[in-house]
Each structure stands twice: as structure tokens, then as C-alpha cells.
Amino acid sequence: MIKRYLFFVYFYIAENTFMELSYAPFYLKFRHPFGVSSNTRKETLSVFVKLSNGEYTGYGEACLPAYLGETESETNRFLDSAGSMLKKVAIPFTGKIPDEINRISEGNNAAKSAIDMALNDLAGKTRAKPYYEMAGIGKSEDTYTSFTIGIGDPEQLEQKIREAAGFHILKIKTGTSDDKALISLIRKFTDKPLYVDVNQGWTDKNKALDMLCWLRDQNVLLAEQPMPKEMKEEMQWLTKRSPLPTIADESVKRLKDLQRLEGSFSGINIKLMKCGGLGEAIKMIAFCRENGLKVMLGCMAESSCGTSAMAQLMGLADYVDLDAPLLYTNDPFAGISYKDGKVCLNDLPGLGVKPTNNFPNNK
């Protein structure tokens, strides 16, 4: 099925019109302090993009947590360059424009993804079709997502787990000084299946293997990024022996990184902020299917804008981790919804998103 839309680019929008790009920063506020192995934060910066052809507006998001390594100033410079380029180009257009935007810089994947989202959202609105229909994917059924529990003290963990009562799978941030104690504590509050996300927190392959064997007996289903991305040989050794699927996150951004894994993981977590957009994500999914790798669709902590974009592809995944909008108090978009622990798509055109009263005024 993937080959039917693998080379999908962008759609014809309207004759003799031009695109105007604007953007604005926005701080997404966490309901609870969000702890991972390397840091704890209370908010995440996103830069929201609007792309208009005069009649319709498409929306996109560049989510910029510090560990992504992309700054607001760099993102703004990239968007300024892309906006100047898009102003000069009449629509209809094809994949040529995104190729030119890709060449502005080697990095800035979050900014590229924001433009990719906005282009596809605008295209869908002008054609009155959802992205999944235009791309030939079809609408995914409601799909279970994990719900993320950040690192915290026992009282915080108990409260977070209680608030996640409607979800069937929990994703636990590990990589602490004593992960066995953490999981044992979690098991006092719930017996639900778990994903563990180590965020590169383990550095000894033998201890990592011992931990994975122990986690298997704790109803843990997979382990995400157990070791630092620089430890490729150690990860090859670990994956070969692991009783659980090992899922790459920090080790893979785009397709070229995926092609160099060489057995160091049994699957990958694809995120739009890392890969640069939906087209690249689809290529990565196709590569995984051709090479026997598991596919997780994740998010970097985006609002409903970015998360709804990734949810368009969730029918192609083995695992879905698209809960980020539920972690915030001030989501500036409405898009996907959640019911009985599942992500639910709507039938709106484009990416299926609408700005709420929280949406910032754009530059």
C-alpha cells in the first residue's frame, strides 16, 4: 500500500495566486513539570506558521525543545528565507518548491516540517479534502496511543497515573539512577502495559541488557533509545540480545540516518520535528517495511497542530505515541480528539486543525 503514495508530493491549489507566510512564537505550558533523564521543563517553545493564498490558510508548527538543538532565532531566519521564496512562486506548484526550501540549510528540520504542514493543510483546504485522502492513505481507525508519564517524585507519579486512567498504555520516562525502583513504584499504582523511554540514559551494555530482561517481566512492551546515539556498536550488541524491541529516537532524524542503523535497533520513532515533514516520514515508513523494522509515530511535544499532522499516518504504524496535546494547559489548536485511550481523526480538510482563542497573533 505504501508504494501507492510513496512519491506523493504537493497538490495543485489554485491558478495565479501567491503564498504569504507569517509566523509567531508561543510557549506551550505543561500541566505538570515534564522530566526526562537529562532535564525537567515547565514549558516548550513552538513557532506557529500560517501560509495563505488569499482565500485559505494553512497552519504548521516548529516545536523547539532544547534537546532538538534548533533555536528560535535560527528558525525565524529560515522561515524568513522560505517566506521570501514562496512569495515569488505562483501556484499551482509541485515538489520543486519543498526541494528548494530544503536547500536553504542542512538542518532546521522543525522549520521545514512547519512549512510542509502548512503547505499540505492549505492544499487540503483548497480541495476540501483531508490529507489522508489526498495522499491515498485513507482514514485510519481510532488507534491506541501511549500516555507519557515524565520523571517525578512518588506523589507526582501517582497523580499523573491517576489522570491517565482512560489510557491503556503508559509511556514511562526512565534513565534515572535507579530505574528498577522507578518501575517498581509505578507498579504500585498500575498494572497497565508500559513503554519505557530511556532517552539515552544507559551507558553500560551489560547493565542495559539486564534491565531489559527485568523489564520484560514487568509487562514492558518496548524500550526507546536505551543508550547514547554515539554508542552504535553497543546498541547493535544490545539489540541482538534484547528480549524487547529497541526503538531508535535520538539516533535517527531523517531517512539517511535510518539507512545507517545497521542492526542497532529493531524499530524507530519517527517524529515530524526531526524528519522535516510528512513526505519524508512516509519514505521512512516505506524503508522500515522493506527492511523489517518496527514503526512508532511520535511527537516532540507539539500542540494539536503538529500532532494532528502526524496522526494522518497512524494507520501505517506498529506503535503510536501521540499524546502531547493532553500534556498542556494552553493548546492553541483543535484537531485530533481522544476517546477510550485512542487517537481519533476528524473529517476536516487538510490536517484537520483549527486555531483556538489561544492562538497567537502572527508576525
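Residues numbered from 1 in each chain as written. Predicted model: local features only at pLDDT ≥ 70, side-chain atom pairs only at ≥ 80, totals over all residues. Heavy atoms only, no water.

**Structural notes on the side chain of K192**
Examined against the element boundaries, K192 turns out to sit in the loop between α7 (179-189) and β9 (194-197). One polar contact links the side chain of K192 to the main-chain carbonyl oxygen of A165, over a distance of 3.0 Å. (Helix = DSSP H or I, 4+ residues; strand = E, 2+ residues; numbered from the N terminus. Polar contact = N/O pair within 3.5 Å; in protein donor to acceptor, adjacent residues only side chain to side chain.)

**Observations concerning the environment of A317**
With respect to the helices, strands and loops of the structure, A317 is situated in the loop between α13 (304-311) and β14 (319-320). In this structure, the C-alpha to C-alpha distance between A317 and M296, residues 21 residues apart in sequence, is 5.8 Å. For A317, the contacting residues outside a window of four places in its chain are R289, V295 and L297. (Contact = heavy atoms within 4.5 Å.)

**Focus: the packing of helix α2 (residues 72-87) against helix α4 (residues 109-127)**
For the pair α2 and α4, interaxial distance at closest approach is 9 Å and the crossing angle is 40°. One element, α2, and the other, α4, form an angle in the oblique class. Both α2 and α4 take part in a crossing whose hand is right-handed. Residues T75, F78, L79, A82 and L86 of α2 form the contact with α4, whose own contacting residues are A111, K112 and I115. In terms of residue class, the contact of α2 with α4 is built from 6 nonpolar, 1 polar and 1 charged. (Axes fitted to C-alpha atoms, helices over the stretch in contact; angles between N-to-C directions. Parallel < 35°, antiparallel > 145°, perpendicular 65-115°, else oblique. Left-handed = near helix turned anticlockwise from the far one by under 90°. Nonpolar A, V, L, I, M, F, W, Y, C, P; charged D, E, K, R; others polar.)

**Quick notes on the sheet that holds strand β11 (residues 246-248)**
Taken together, the 8 strands give an open sheet; going across it, the order is β7-β8-β9-β10-β11-β12-β13-β14, and neighbouring strands pair in parallel fashion. Whereas interior strands pair on both sides, the edge strands pair on one side only; in this sheet they are β7 (146-149) and β14. In this structure, β9 lies alongside strand β10 (residues 220-224), joined through 4 bridges in parallel fashion. In the sheet register, D197 faces β10, and the bridge partner there is E224. (Pairing = 2+ DSSP bridges.)

**As for the pairing of β10**
Most of β10 is tucked away: 4 of the 5 residues are buried. For the crossover from β9 across helix α8 (residues 205-216) to β10, the handedness is right-handed. Sheet topology note: the β10/β11 ladder contains 2 bridges and is parallel. Directly across from E224, in β11, lies its bridge partner I247. Considered for its hand, the β-α-β crossover made up of β10, helix α9 (residues 232-241) and β11 is right-handed. (Buried < 20%, exposed > 50% of the residue type's maximum accessible area, 1.4 Å probe, protein only. Right-handed = clockwise from strand over helix to strand, strands pointing away.)

**A short note on the sheet that holds strand β6 (residues 143-144)**
Spatially, the 3 strands line up as an open sheet ordered β6-β17-β16, and their pairing is antiparallel. A strand with exactly one partner marks an edge of an open sheet, and here the two such strands are β6 and β16 (337-339). Pairing analysis gives 2 bridges linking β6 to strand β17 (residues 342-344), with the strands arranged antiparallel. Bridge assignment links Y144 to a residue of β17, and that residue is K342.

**Thoughts on the packing of aromatic side chains**
In total, this model carries 10 aromatic pairs according to the counting rule given. Aromatic side chains F147 and F167 sit 5.0 Å apart centroid to centroid with 40° between the ring planes, which places their arrangement in the tilted category. One end of the pair, F147, is in strand β7; the other, F167, is in the loop between α6 (154-163) and β8 (169-173), with 20 residues separating them in the sequence. Taken as a pair, F147 and F167 share a single burial class, namely buried. Geometrically, the ring pair formed by F333 and F359 is edge-to-face, given 5.1 Å between the ring centres and 80° between the ring planes. Of the two residues, F333 sits in strand β15 (residues 333-334) while F359 sits in the segment after β18 (354-355), which places them 26 residues apart along the sequence. You'll find F333 and F359 in the same group, each marked buried. Members of the aromatic cluster, joined through ring pairs, are F26, F48, Y59, F333 and F359. (Phe/Tyr/Trp six-rings, centres within 6.5 Å; stacked < 30°, edge-to-face > 60°.)

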